[in-house]
Amino acid sequence: MVPHLVTALTGPLLDLEKRMLDKTTEIERWFRMAWNDHAPPFYSSVDVRNAGFKLAPVDTNLFPGGFNNLSPDMLPLAIQAAMSAIEKICPEARSMVLVPERHTRNTFYLSNVARLAAILKQTGLDIRLGSVSDEITEPTRFDLPDGQSIVLEPLKRYGNRVGVDGLQPCAVLLNNDLSAGVPAILENIKDQIVLPPLHAGWATRRKSIHFAEYDKVVDSFCAMLGIDPWLINPYFTQRSQLNFHERVGEDALAEAVSEVLAKTRAKYAEYGITEQPYVVVKADAGTYGMGIMTVKDPEEVLALNRKQRNKMSVIKEGLQVSDVIIQEGVHTFESIDDAVAEPVVYMIDRYVVGGFYRVHTGRGRDENLNSPGMHFVPLAFETPCNTPDCSDRPDAAVNRFYAYGVIGRLAALAASQELDATIPVEKAA
């Protein structure tokens, strides 16, 4: 079933979607040529916001942790995409070790691990789960809410390789975003493929670098499509060496907020948009919806109370925030059952394999939905989202999902370029 979706539609988005439908051949050719020059990430997920007048990504995750939210109808697509990815990486592979996050008490996340392992098994791989958690010292079974169970085993080092008891596979797949840094056991691995590469983890990755690459991708794409890049790209800037506890860098942050708001107001005026512009200030590294605040006036940054400063100071794994990205806020004018919603697009290799709506009954259309209280509604594409129906309305579900898929693929391409541009020197040599 396609979820009942309500979108406040206005001119520019319908025009954008119609332009995409009119140029599907050119779009698919453009992507095919672009992927000739860049290897796609093994997998990725992209948070998309649909403002009715703008459709843009606001985050790209290279260690997606919500495969259990995908519609079961989309599993054949995911298996086919995973098979394609594995054939390129290690075509003779018989097995793979999947390394999950350290936390073992989050059964919702472990359900994601189970779904991901099931997808990979269907490609013909024997999948074992190797944990870097100190709590896992022997094979340990975890029962899941749906009645399934998984077994985590301690990840072990074998010279320049890693594996689990009795298995040293040619490839290791990380579903651990390395927010706390690269575990020693994963450093200096040789003669073994690690996916995604270690520099894709939040220990080194920066959102500002990703969106700088997205700028380049979008400029090329929009020149081909003949549209204003702003319609699919949020403005952003970055500030470093902040200390929210000590109020260090507040003036520089307020100046950055003012800069992005001014550029956004100018675009709103150009398109006759009456909504109030806002920016989202968030940690330049990390995920889980931590270290994020919405700002509509630069003065708000200078007037943060202690609770707000504490919230902005720390992200996942208790890491301190000193670098932030200041990003144009993109409203979400989509809702499901009167709750604000935003689509999340999932990809394996260069293929869109599904997605879901992140839904929050307690948040507004200009707020972060990745927070406690959210729930998920699977996107069940009636047909693969790379096959739009050009005879139907631009905003028909299949065509809306096609537009989501285009944005997701642009973000994945930007991630690919980002990873190419940030290869550690010793590896590049």
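Structure: above.
Residues numbered from 1 in each chain as written. Predicted model: local features only at pLDDT ≥ 70, side-chain atom pairs only at ≥ 80, totals over all residues. Heavy atoms only, no water.

(A) The pairing of strand β7 (residues 149-154), seen in detail. Alignment of strand β5 (residues 126-131) against β7, held across 3 bridges, turns out to be parallel. Paired with Gly130 across the two strands is Glu153, which belongs to β7. Pairing of strand β6 (residues 140-143) with β7 involves 4 bridges; the strand directions are antiparallel. Residue pairing in the sheet places Arg141 in a bridge with Val151 of β7. Connecting the antiparallel pair β6 and β7 is a turn made up of 5 residues, with Gly147 showing a positive phi of about 95 degrees. (Pairing = 2+ DSSP bridges. Helix = DSSP H or I, 4+ residues; strand = E, 2+ residues; numbered from the N terminus.)

(B) Spatial organisation of unusual backbone geometry. A cis amide bond, omega -20 degrees, links Leu195 with the succeeding residue Pro196. In this structure, Pro196 sits in the loop between β11 (193-195) and α5 (207-225). Even without being a glycine, Asp191 presents a positive backbone phi close to 60 degrees. By the element assignment, Asp191 lies in the loop between β10 (171-175) and β11. With phi around 60 degrees, Gln241 is a residue other than glycine that occupies positive phi space. By secondary structure assignment, the location of Gln241 is in the loop between β12 (236-239) and α6 (250-271).

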